[in-house]
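The residues making up each chain are set out below.
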Amino acid sequence: MLSPLSRPARRLLSTASAPPVTRSDVPAPSALAALLARLSLPATPANQRAALMCLTHPSYASPLAVRPVFPTKPGALSSPPSPAAPPAETDTASNALLAVLGNSLLGLFAAEHLAATFPHMPTTALKAAVTSLVGPAACVSVARELGVGVQGGADAGLAVGRGSNSAGIPVRWRRVRPPRDEDRAPRETGRSTTAGTWEEGVASATRALVGLVYQEKGLPAARDFAHAHFLSRHLDLAALLRIRNPKHVLSHVIAKHLVDAGAAAADAGRIEARVLATSAPSSPTPLFSIGLFLPSGLKLAEGSGASKSMAEHRAAVNALHSIFFARAEPHTAPAPAPAPFAADVAALDAAADGAGASADADGQARARLPTEAHGQWVFSEGALGEARGYRGSGWGGDEPLHGLR
């Protein structure tokens, strides 16, 4: 029984027919085969044509990109030389649709991963983290790991047009500018006069490759690819969150958590600051250490600074970081139990402690994230092959934060 995503008859997501591998500026078949091997895809002729399409930015066939752009000042960068004639229409299928698909998939996987890993992360930090993990800079970095570069050696750290064309598999891209003799073209056609960058071309190729993996192998394979190349990278979460009044925000966050736990609302948000240590308070360079405590005596965090207010500010920031960026407990699957299906789903939901879980008729836990469940379900002719259930959970979105930016 095959999933609908793995059926052999599929239509390539392109803006033109699949281009034949005939032009001299097309990577060698061995290079395309190596790229497909890194994507865990077979090097069939159809997949090679699809890979070439992923490497073709829409600007490659744009009528506004036919003329080369030369530097006007000494030291200015120039775009790669353009051919004397526009490329043939049959060789210019672009990655526009696949790049949109890949971008949406990367956003889904990143947001899902972050929201499940850091369930208390505020929305502001979540958005910034998603951009850092799967944004243009991350796409360029992944492209370099896959051996995808830009013609002219830019992927090797050189100026565009100043290096060897062998620096990675080239992305077919051109800088787009309106012709010099059509000054009113941007206003009439709606096109911007801002030149595109090679990073945009490389990022679009990476997104299109993600879309190609999804198209050829389905959602589980695309998710595994995103986790292996994007979501496994180190991310400095503390740098993504700036807090104007951390002690005020901390009071609201603590009050919310304590009230949710059943504490009285009267003293839920009260925080006490205590001086833990001082060093040379009368000297020009004093040092204070301040701790923040709940009325019950539970210590939240501590901070140090040249003044008591600075130390208290840093202590509140440290406390917020410890709450917002606390990782969720690892999901452990409960043992199978012979019980009715509905009861098993309820038991899994309770055992997961807020994390989503799917289950089959035997009560075996299958996944913690919604997209993980798709890899376990068996489809036959567009329907589930056996009884399965999934129960999700709420991820944030209700934090009473008013001092974040």
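Novice: Even after reading the chapter, I still don't get the overall build of the protein, so can you show me in this structure?
Specialist: A tally of regular secondary structure across the protein gives 12 helices and 9 strands. Within the protein, the fraction of its 405 residues that count as buried is 41%. For the protein, restricting intrachain contacts to residue pairs at least 6 apart in sequence, the fraction spanning at least 24 positions comes to 63%. Split by element, the accessible area of the protein, about 20,400 Å² in all, is 55% carbon and sulfur.

Novice: Is there a simple way to explain the side chain of Gln215 in this structure?
Specialist: With respect to the helices and strands, Gln215 occurs in helix α7 (residues 198–217). For Gln215, a relative accessible area of 7% gives the class buried. At a separation of 3.4 Å, a polar atom in the side chain of Gln215 contacts the side chain of Glu216.

Novice: What is the right way to read the packing of helix α3 (residues 96–117) against helix α4 (residues 123–134) from this model?
Specialist: Angle between the axes and distance between the axes are the two parameters that describe a pair of packed helices. Their axes nearest at 9 Å, the elements α3 and α4 cross at an angle of 125°. The angle between the axes of α3 and α4 places the two elements in the oblique class. Along this stretch, α3 crosses α4, giving a crossing that reads as right-handed. Here α3 contributes Leu106, Gly107, Ala110, Ala111, Leu114 and Ala115 to the contact with α4, which in turn contributes Leu126, Ala129, Val130, Leu133 and Val134. In terms of residue class, the contact of α3 with α4 is made up of 10 nonpolar, 1 polar and no charged.

Novice: Explain helix α8 (residues 219–231) here, please?
Specialist: Along an α-helix, residues three or four positions apart point the same way, because every turn accommodates 3.6 residues. The end-to-end C-alpha distance of α8, which contains 13 residues, comes to just 16 Å, noticeably less than the 18 Å that a straight helix rising 1.5 Å per residue would cover. Buried within α8 are the following residues: Leu219, Ala221, Ala222, Arg223, Phe225, Ala226, His229, Phe230 and Leu231.

What counts and what doesn't
Sequence order as written defines residue numbering, which begins from 1 separately in each chain. The predicted origin of the model limits local features to residues at a pLDDT of at least 70 and limits the giving and counting of side-chain atom pairs to 80 or more, whereas totals for whole chains, interfaces and linings rest on all residues. The side-chain numbers reported here are obtained from all heavy atoms of the structure, hydrogens and water having been left aside. Each helix is a run of DSSP H or I of at least 4 residues and each strand a run of E of at least 2, with the numbering of both proceeding from the N terminus. With a 1.4 Å probe rolled over the protein chains alone, any residue whose accessible area is under 20% of its type maximum counts as buried; one over 50% counts as exposed, and the rest are partly exposed. Any pair of residues with heavy atoms lying within 4.5 Å of one another is described as a contacting pair. Per-residue and other accessible areas follow the Shrake-Rupley method at a 1.4 Å probe size, with only the shown protein chains counted as cover for residues. Identification of polar contacts relies on pairs of N or O atoms within 3.5 Å, with a donor-acceptor requirement for protein atoms, meaning one able to donate a hydrogen and the other able to accept it, and with residues adjacent in sequence counted only if both atoms are side-chain atoms. As a rule, the C-alpha atoms of each element are fitted with a line to give its axis, helices using only the stretch in contact, and angles between N-to-C directions run from 0 to 180 degrees. Orientation labels follow simple angle bins: below 35 degrees gives roughly parallel, above 145 gives roughly antiparallel, 65 to 115 gives roughly perpendicular, and whatever is left gives oblique. Working rule for handedness: look at the near helix, and if it is turned counterclockwise from the far one by less than a right angle, call the crossing left-handed; if clockwise, right-handed. Throughout, the ten residues Ala, Val, Leu, Ile, Met, Phe, Trp, Tyr, Cys and Pro are labelled nonpolar, Asp, Glu, Lys and Arg are labelled charged, and all others, Gly among them, are labelled polar. Multiplying one less than the number of residues by 1.5 Å gives the expected span of a helix.

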